[in-house]
Amino acid sequence: MQSKIVITNDFDALKLDLEAKFDTSSLRFFISNEFLLENAHDVIKEAYIAESSPKLLVIMSKIYRVEAQNSLLKIIEEPPKNIYFLIATQSKNLLLQTIRSRLILENLLKSKQRKTLEINLKQLDMAEIYKFLENIEAQERSDKFGKNELKELVSDIVVKALEIGFRFSDDELSYFYKLISLVELNAKSPQILTPLLLTILRKGRV
């Protein structure tokens, strides 16, 4: 058993694989769409429960808030006896460099292909953005696109942008996460997707 980051877009398959490899008493899962500071506190609390045998704390989330990651740094660097961590993410670039530098990396992305986005981030321009937003608004009006779909779409756009070469600062990633939080406050898709896509348009790739 060792601490590591696992890159995958099939969290269910990873969970089943871990349950098959390890005794359930040695596993603790922390699964969420958005890993918040309160989630990090739950992980830390669990880590400090004394164990006589190895225990793996498995964190699975599509989005990791910067402040939540920062709160884990110390315990990942100096874990209590018999405590190990596995952080599952769709892209290593969604995690802070300070987290990545403390854990080994395992890439399982080939196991499942992510669905294709209906927008070309490589050739993004204002016309492409306008067309995309119109399509999403039409889906909203037909009740085929709700809060969960919008949050997942934002996550997929950010992950795809990272994969094709865009580089964002911690502040920019934190801003993207805040956009997702606004979805819960009933913000509509143009209010969420417009600033996200304009940031990507201005950013350019490296």
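All of these numbers come straight from a predicted model, not from anything done at the bench. (Residues numbered from 1 in each chain as written. Predicted model: local features only at pLDDT ≥ 70, side-chain atom pairs only at ≥ 80, totals over all residues. Heavy atoms only, no water.)

Caption draft 1: Structural detail: helix 3 (residues 66-77). The end-to-end C-alpha distance of helix 3 is 17 Å, a good match for the 16 Å that 12 residues give at a rise of 1.5 Å each. Among the residues making up helix 3, those that are buried are V66, A68, Q69, L72, L73, I75 and I76. The elements touched by buried residues of helix 3 are strand 2 (27-35), helix 2 (37-47), strand 3 (55-64), strand 4 (83-89), helix 4 (97-100) and helix 7 (170-183). (Helix = DSSP H or I, 4+ residues; strand = E, 2+ residues; numbered from the N terminus. Expected span 1.5 Å × (residues − 1). Buried < 20%, exposed > 50% of the residue type's maximum accessible area, 1.4 Å probe, protein only. Contact = heavy atoms within 4.5 Å.)

Caption draft 2: Inspection of the pattern of salt bridges at higher detail. Following the criterion strictly, the structure yields eight salt bridges and no others. When the shortest N-O distance is used, the salt bridge between K15 and E19 registers 2.6 Å. In this pair, K15 and E19 are both assigned in helix 1 (residues 11-21), four residues apart and thus about one turn of the helix distant. The class for K15 is partly exposed, based on a relative accessible area of 25%. Salt-bridge contacts for E46 lead to R28; the nearest nitrogen and oxygen are separated by 3.0 Å. Here E46, found in helix 2, pairs with R28, found in strand 2; they are 18 residues apart in sequence, far enough to count as distant. One connected set of salt bridges, linked through shared partners, spans R28, E46 and K55. (Salt bridge = Lys/Arg side-chain N within 4 Å of Asp/Glu carboxyl O.)

Caption draft 3: Spotlight on the domain arrangement of the chain. For the chain, the assigned domains are domain 1 (4-107) and domain 2 (126-204). The distance between the C-alpha centroids of domain 1 and domain 2 comes to 26 Å. Residue-level contacts link 11 residues of domain 1 with 15 residues of domain 2. Ranking the residues of domain 1 by area buried against domain 2 places I63, N93 and L94 at the top, with a combined share of 38%. Between the two partners, domain 1 and domain 2, sit zero residue pairs in polar contact (both at pLDDT 80 or more). Along the lines of polarity and charge, the residues of the side of domain 1 that touches domain 2 split into five nonpolar, three polar and three charged. (Domains from an automatic or database assignment. Buried area = accessible area lost by both parts, 1.4 Å probe. Polar contact = N/O pair within 3.5 Å; in protein donor to acceptor, adjacent residues only side chain to side chain. Nonpolar A, V, L, I, M, F, W, Y, C, P; charged D, E, K, R; others polar.)

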